[in-house]
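Fold and geometry: a report
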Amino acid sequence: MRATPALRRRLLPVFLLALTVLPGSIPARTVLEAGSTTTWKFLEGTAPAAGWTAPGFDDAAWKSGPAPLGYGEERLGTRIPHRADAGIPGPAWFRRTFVAPALDEGERAVIVLCADDGAVVHLNGREIGRYNMPKGPVANGTLARQALDETSEGFYLRLPVPPGVLHSGATN
């Protein structure tokens, strides 16, 4: 069954997220792996408690599973269930903690993201980027700005991490 545009706008899963360090010129080095070798915490069906984007947040009650995470695709490591009350996917929130290595002189951190249909990315309590999402707070009923069709999905975006947001040698 194909999702209608209104239904598809409700999907907010992050399929893959990686942290990459880019020197002044290529090649880059990956400091946080993405894909099936990683496990993420996730919450669906209800909005998270205040402070959920901070490194010390207690996410012990959240579910976890291998990446990529999302709705309905066979290739996913973790398939998130549809909301029981609506019978359709709703927004989901994802967390992963990691210890970042020190950056070398001239390196900058970049988050590489693949999302369907939208995402808001936080690092250490600070929002660092949005993809296809409206401005303002994200709540359980927040929709992506537009539904993405299959020709618009699966692309990777680079979100630069502002200086001082990534804490080398500490939990992020």
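See above for the structure.
Report follows, based on the coordinates.

Quick notes on the rules
Residues numbered from 1 in each chain as written. Predicted model: local features only at pLDDT ≥ 70, side-chain atom pairs only at ≥ 80, totals over all residues. Heavy atoms only, no water. Pairing = 2+ DSSP bridges. Helix = DSSP H or I, 4+ residues; strand = E, 2+ residues; numbered from the N terminus. Axes fitted to C-alpha atoms, helices over the stretch in contact; angles between N-to-C directions. Buried < 20%, exposed > 50% of the residue type's maximum accessible area, 1.4 Å probe, protein only. Polar contact = N/O pair within 3.5 Å; in protein donor to acceptor, adjacent residues only side chain to side chain. Contact = heavy atoms within 4.5 Å. Core = buried A, V, L, I, M, F, W, Y, C linked by side-chain atoms within 4.5 Å.

1. Observations concerning the sheet that holds strand S4 (residues 63-66)
The sheet built from 3 strands is open, its strands ordered S4-S3-S7 with antiparallel pairing. Of all strands in the sheet, those bounded by a partner on one side alone are S4 and strand S7 (92-95). Pairwise comparison of adjacent strand axes, ignoring direction, gives a mean angle of 35° for this sheet.

2. Side note on the environment of Ser152
Topologically, Ser152 is positioned in the loop between strand S10 (126-131) and strand S11 (157-160). For Ser152, a relative accessible area of 30% translates into the label partly exposed.

3. Things to note about the side chain of Glu44
Along the chain, Glu44 falls in strand S3 (residues 39-44). The class of Glu44 is buried, set by a relative accessible area of 17%. Here Lys63 takes part through its side chain, which lies 3.0 Å from a polar atom of the side chain of Glu44. What Glu44 contacts, discounting residues up to four positions off in sequence, is Lys63, Tyr71, Ile80, Pro81, Pro91 and Ala92.

4. Looking at unusual backbone geometry
In this chain, Ala67 is followed by Pro68 through a cis amide linkage whose omega measures -5°. As for its placement among the helices and strands, Pro68 is situated in the loop between S4 and strand S5 (69-70). Unlike most non-glycine residues, Asn124 shows phi in positive territory, near 55°. If you trace the backbone, Asn124 turns up in the loop between strand S9 (119-123) and S10. With a phi angle near 55°, Asn132 is a residue other than glycine that sits in the positive phi range. The class for Asn132 is buried, based on a relative accessible area of 8%.

5. Side note on the nonpolar core
Leu123, Ile128, Val161 and Leu166 are the most contacted members of the largest nonpolar core, which totals 15 residues. Of all elements in the fold, only strand S8 (108-115) and S9 reach the threshold of two or more residues within this core. Ranked by the residues each element gives to this core, the list is headed by S8, at 4 residues. Ile128 has contacts with Ile111, Val121, His122, Leu123, Pro160, Val161, Pro162 and Val165, leaving out every residue within four places of it along the chain. The next biggest cluster of nonpolar side chains, apart from the first, holds 8 residues, and it includes Trp40, Ala67, Leu69 and Tyr71.

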